Number of protein chains: 2
Amino acid sequence: MSSRLKDVAALAGVSTRTVSNVVSGSAAVAEETRARVQAALDELGYRPNVAARNLRAGRTGLIGLAIPELHSPYFGELAGLIVRAAQQRAWTVVIDQTFGDPEAERRLLDGGDGRLVDGLIISPWALGPEEVTGRSRNVPVVLLGERRPHGLADRVAADNVLAAEEATTHLLEAGHRRIAALGPQPHLHNETARQRLEGYREAFRRAGLTPDPALEQPVRTLHREDGARAMAALLDAGARPDAVFAFTDELALGALHVAHERGLRVPDDVAFVGFDDIEDGRYANPPLTTVAPDKQQIAERALQCLADRIYSPASAVPPLDVVIPHRLVVRASSTRTS
Amino acid sequence: MSSRLKDVAALAGVSTRTVSNVVSGSAAVAEETRARVQAALDELGYRPNVAARNLRAGRTGLIGLAIPELHSPYFGELAGLIVRAAQQRAWTVVIDQTFGDPEAERRLLDGGDGRLVDGLIISPWALGPEEVTGRSRNVPVVLLGERRPHGLADRVAADNVLAAEEATTHLLEAGHRRIAALGPQPHLHNETARQRLEGYREAFRRAGLTPDPALEQPVRTLHREDGARAMAALLDAGARPDAVFAFTDELALGALHVAHERGLRVPDDVAFVGFDDIEDGRYANPPLTTVAPDKQQIAERALQCLADRIYSPASAVPPLDVVIPHRLVVRASSTRTS
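Since the structure is predicted, the reported quantities are computational estimates derived from the model, not experimental observations.

**Some points on the overall build of chain A**
Then, number 1: Secondary structure summary: chain A contains 13 helices and twelve strands in total.
Then, number 2: Looking at the 338 residues of chain A, the share that counts as buried comes to 57%.
Then, number 3: Looking at chain A alone, contacts between residues at least 24 apart form 70% of all its contacts between residues at least 6 apart.
Then, number 4: A total of about 13600 Å² of accessible surface is found on chain A, and carbon and sulfur atoms cover 50% of it.

Printed below as a string of structure tokens:
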């Protein structure tokens, strides 16, 4: 077989290692290179049966991706990037939607669903970091969006505290003081929401100010309708904010919708900042200021972590805490255009 | 094994047939019932190894879903519904993104990717219906969004001609005459776009009117940026419409964005109607009038077609043409609120 790999490599004009990577999925290969290698494999009639090879190696070639829901623009976009990056490793992605159900998250983490995946990427929603990392697992797990360094599994996430602090500081520097925080979820163990709230409070602390606790408005989930409901609740309670930092763009867009309905001018009467940089926000009226985590990097780093655990399980690198860069994208929802 | 199924059925308070359906995935089972049966299976220690059972039956328990991209809100939402409905049949969904690449569509239809799926649901983008249905296939295929009755595979789609005609008639009845059509794609074989254009023209014909061909504005893909570009092109060419029928909500939202930028009032200066009923449009400013296909039904009917082909291959029912209901949802983007 190794001589055939050499033939394929020569025809494709790449190293045998690259051919091997394409066939085994053990490393990412650029799409163009991968197509060239595949064409050479096809031309020489070398058709690796990935399923059979994996089976011999005790692997299925499937990896699991567990997210709250595909319907959410953020997770839909992220899932798309992960599926695409996985293809470059000859991996097939099986997507599970947990809908924030703790039982569903436990079942997936335990591997109790009877599915044969070689690894799992999970964005936990309902379970706290202790339970997530503490559960017994049969396959390597990579966590998205959790940052507490429990050291039991690889984690890939933006620095949520810092990012939320920057978003809030941006509003403070524009002179806003009554900045609502849309998204704290005291009833859940949701770690991401906790961190963004911490960043929001930290920005006030650093500015020597104290936020009005009445402006911390909890939501049930992170959709537009929750943002709309939270904004209406604030206004109905007479706790009118002069700015809103929403923990997701969807929440921000729902709240923005209510501001328009109530005849408030944006950003003059109330400014908005969201989180996630979904495409939707770029085309909103006015376009939405947001924190943009590097989603492409989230996808690539998560898959790299998983590949290292799957293909080099014996190397026993301690669990990694991969911090993904982010940037604040300032648009018209938080800056007066005139 | 049948006595054990009886025990499980008794404990769960359902028929053995229902237990069998849960275990085999041969029919949809309500989530609540499924959970009850699963609890009974667990309590009695009956853990069907779905993977092993499928393997014996020559099946993998995996079905493929091939869509242009998860990133699109419409396909993200639809994929979410399909994944959820598939879970109720104990099926695992493998999602492929074709990104409108004809080669990717051909490879998936040919089954040449070496993957082991029991069936494939595909929303073709680049390939015309002749090629889609004419390609050799090793597994049952269900087409989404294609309607031409070639009779070679099951199809599940809304009546795009009728729906587009209704959307255009809605604008004509409000007095609009210069109605732009955003989305015709003469360079592709895209059947859905062709049908929506046909419905647009048909509405004019029925009203005894002739649309201005300069108002048919092609786009490259169906995203917000394409809609924005098309709207800008129309306005820059001096071909100002008094209404826009966009072939997707994303196109409409991009065009709406440009209308705002150019200082046009919506709907007074220009009205907008989209297609798909994505959540985004409900929260747009103003909220977007749209054609809403019943996405839940698309998911359920597509899976039912696939199940019938997979579990009753010998019954040889001729290919089905499943028409999904739709409705026009009128919102403020096409009706003056005062």
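**Some words on the sheet that holds strand E12 (residues 326-329) of chain A**
Residue and element names in this part refer to chain A.
Then, number 1: Strand order in the open sheet formed by six strands is E7-E6-E8-E9-E10-E12, with mixed pairing between adjacent strands. The open sheet has two edge strands with one neighbour each: strand E7 (216-217) and E12.
Then, number 2: The pairing of strand E6 (residues 179-182) with strand E8 (residues 243-246) spans four bridges and is classified as parallel. Bridge assignment links Leu182 to a residue of E8, and that residue is Ala246.
Then, number 3: Contacting E6, E7, E8 and strand E9 (271-275), helix H9 (residues 191-206) crosses the sheet at an angle of about 165° to E6.
Then, number 4: Of the strands in this sheet, E6, E7, E8 and E9 are in contact with helix H10 (residues 224-236), which crosses E6 at around 140°.

**Some points on the relation of the copies chain B and chain A**
Then, number 1: Overlaying chain B on chain A yields an RMSD of 0.0 Å, the required transformation being a rotation through 180° with an accompanying axial translation of 0.0 Å. Look at the turn and shift together and you get a two-fold axis relating the two.
Then, number 2: The fraction of interface residues of chain B whose copies in chain A are also interface residues reaches 100%, indicating that both copies meet through the same surface.

**Topic: the pairing of strand E11 (residues 321-324) of chain B**
Residue and element names in this part refer to chain B.
Then, number 1: The two faces of E11 differ: Val322 and Ile324 on one face are buried, but Asp321 and Val323 on the other face are not.
Then, number 2: Relative to E11, strand E5 (residues 154-158) runs parallel, the two sharing four bridges. Across the sheet, Arg155 pairs through a bridge with Asp321, a residue of E11.

**Structural notes on the environment of Leu209 of chain B**
Residues and elements named next belong to chain B.
Then, number 1: As for its placement among the helices and strands, Leu209 is situated in the loop between helix H9 (191-206) and strand E7 (216-217).
Then, number 2: Relative accessible area serves as the criterion here: at 29%, Leu209 is assigned to the partly exposed category.
Then, number 3: In this structure the C-alpha to C-alpha distance between Leu209 and Arg177, which are 32 residues apart in sequence, comes to 8.5 Å.

**Digging into the packing of aromatic side chains**
Then, number 1: Throughout the structure, instances matching the rule amount to eight aromatic pairs over all chains.
Then, number 2: With centroids separated by 5.2 Å and ring planes inclined at 65°, the aromatic side chains of Tyr200 of chain A and Phe204 of chain A adopt a geometry described as edge-to-face. Taken as a pair, Tyr200 of chain A and Phe204 of chain A lie in helix H9 at a separation of four residues, close to a single helical turn.
Then, number 3: Residue placement shows Arg84 of chain A over the ring face of Phe99 of chain B; its charged tip is 3.8 Å from the ring centre.
Then, number 4: Here the guanidinium or amino end of Arg196 of chain A rests over the ring plane of Phe275 of chain A, the centre of that ring lying 3.5 Å away.

**Here we look at the sheet that holds E7 of chain B**
Residues and elements named next belong to chain B.
Then, number 1: The strand order across the open sheet built from six strands is E7-E6-E8-E9-E10-E12, with neighbouring strands paired in mixed fashion. The open sheet terminates on both sides in strands that have one partner only, identified here as E7 and strand E12 (326-329).
Then, number 2: Note that strand E10 (residues 289-293) and E12 share four bridges and pair antiparallel. Across the sheet, Thr290 pairs through a bridge with Val329, a residue of E12.
Then, number 3: Contacts from helix H10 (residues 224-236) reach strand E6 (179-182), E7, strand E8 (243-246) and strand E9 (271-275), with the element oriented near 140° to E6.

**Remarks on the packing of helix H5 (residues 73-87) of chain B against helix H13 (residues 295-311) of chain B**
All names here are of chain B.
Then, number 1: One can describe the packing of H5 onto H13 by two numbers: an axis separation of 9 Å at closest approach and a directional angle of 50°. As summarised for this structure, H5 and H13 are arranged oblique, according to the angle between their axes. Seen from above, H5 lies across H13 with right-handed handedness. Residues Tyr74, Glu77, Leu78, Leu81, Ile82, Ala85 and Ala86 of H5 lie in contact with H13, whose contacting residues are Lys295, Gln296, Ile298, Ala299 and Leu303.
Then, number 2: Here the contact of H5 with H13 is composed, by residue class, of nine nonpolar, one polar and two charged.

**Comments concerning the interface of chain B and chain A**
By a frequent convention, interface size equals the accessible area lost on bringing the separate parts together.
Then, number 1: On the chain A side, the residues contacting the 36 residues of chain B number 37 residues.
Then, number 2: When chain B packs against chain A, the two sides together hide about 3100 Å² of surface, and 55% of this comes from carbon and sulfur.
Then, number 3: Of all residues in chain B, His71, Tyr283 and Asn285 of chain B give up the largest surface area on contact with chain A, accounting jointly for 20% of the area buried on that side.
Then, number 4: On the surface where chain B and chain A come into contact, there are two salt bridges.
Then, number 5: Counting the contacts that link chain B with chain A gives 13 residue pairs in polar contact (both at pLDDT 80 or more).

**Let's talk about the pairing of strand E3 (residues 119-122) of chain B**
Remark: a regular strand shows side chains that alternate across the two faces of the sheet.
Residue and element names in this part refer to chain B.
Then, number 1: Residues of E3 alternate between two faces, with Gly119 and Ile121 on one and Leu120 and Ile122 on the opposite face, all of them buried.
Then, number 2: Where strand E1 (residues 62-67) and E3 come together, four bridges link them in parallel fashion. By the bridge assignment, Leu65 is partnered in E3 with Ile121.
Then, number 3: As defined by bridge partners, E3 adjoins strand E4 (residues 141-144) across three bridges and the pair is classed as parallel. Its bridge partner lying in E4, Ile122 is registered against Leu143.

**Concerning the pattern of salt bridges**
Then, number 1: Counted by the stated rule, this structure contains 42 salt bridges over all chains.
Then, number 2: Here Asp236 of chain A and Arg262 of chain A are joined by a salt bridge, their closest N and O atoms 3.1 Å apart. Here Arg262 of chain A lies in the loop between helix H11 (249-261) and E9 and Asp236 of chain A lies in helix H10, a separation of 26 residues in the sequence.
Then, number 3: Across the pair Arg194 of chain B and Glu191 of chain B runs a salt bridge whose closest N-O atoms are separated by 2.9 Å. Here Arg194 of chain B pairs with Glu191 of chain B, and both are found in helix H9, just three residues apart, close to one helical turn.
Then, number 4: Given a relative accessible area of 38%, Arg194 of chain B falls into the partly exposed group.
Then, number 5: Given the relative accessible area of 1%, Glu191 of chain B is considered buried.

Calculation rules
Residues numbered from 1 in each chain as written. Chains lettered and ligands numbered in written order. Predicted model: local features only at pLDDT ≥ 70, side-chain atom pairs only at ≥ 80, totals over all residues. Heavy atoms only, no water. Helix = DSSP H or I, 4+ residues; strand = E, 2+ residues; numbered from the N terminus. Buried < 20%, exposed > 50% of the residue type's maximum accessible area, 1.4 Å probe, protein only. Contact = heavy atoms within 4.5 Å. Areas by Shrake-Rupley, 256 points an atom, 1.4 Å probe, with all protein chains shown as cover. Pairing = 2+ DSSP bridges. Axes fitted to C-alpha atoms, helices over the stretch in contact; angles between N-to-C directions. Least-squares fit on C-alpha atoms with pLDDT ≥ 70 in both. Phe/Tyr/Trp six-rings, centres within 6.5 Å; stacked < 30°, edge-to-face > 60°. Lys NZ or Arg CZ within 6 Å of the ring centre and 35° of its normal. Parallel < 35°, antiparallel > 145°, perpendicular 65-115°, else oblique. Left-handed = near helix turned anticlockwise from the far one by under 90°. Nonpolar A, V, L, I, M, F, W, Y, C, P; charged D, E, K, R; others polar. Buried area = accessible area lost by both parts, 1.4 Å probe. Salt bridge = Lys/Arg side-chain N within 4 Å of Asp/Glu carboxyl O. Polar contact = N/O pair within 3.5 Å; in protein donor to acceptor, adjacent residues only side chain to side chain.

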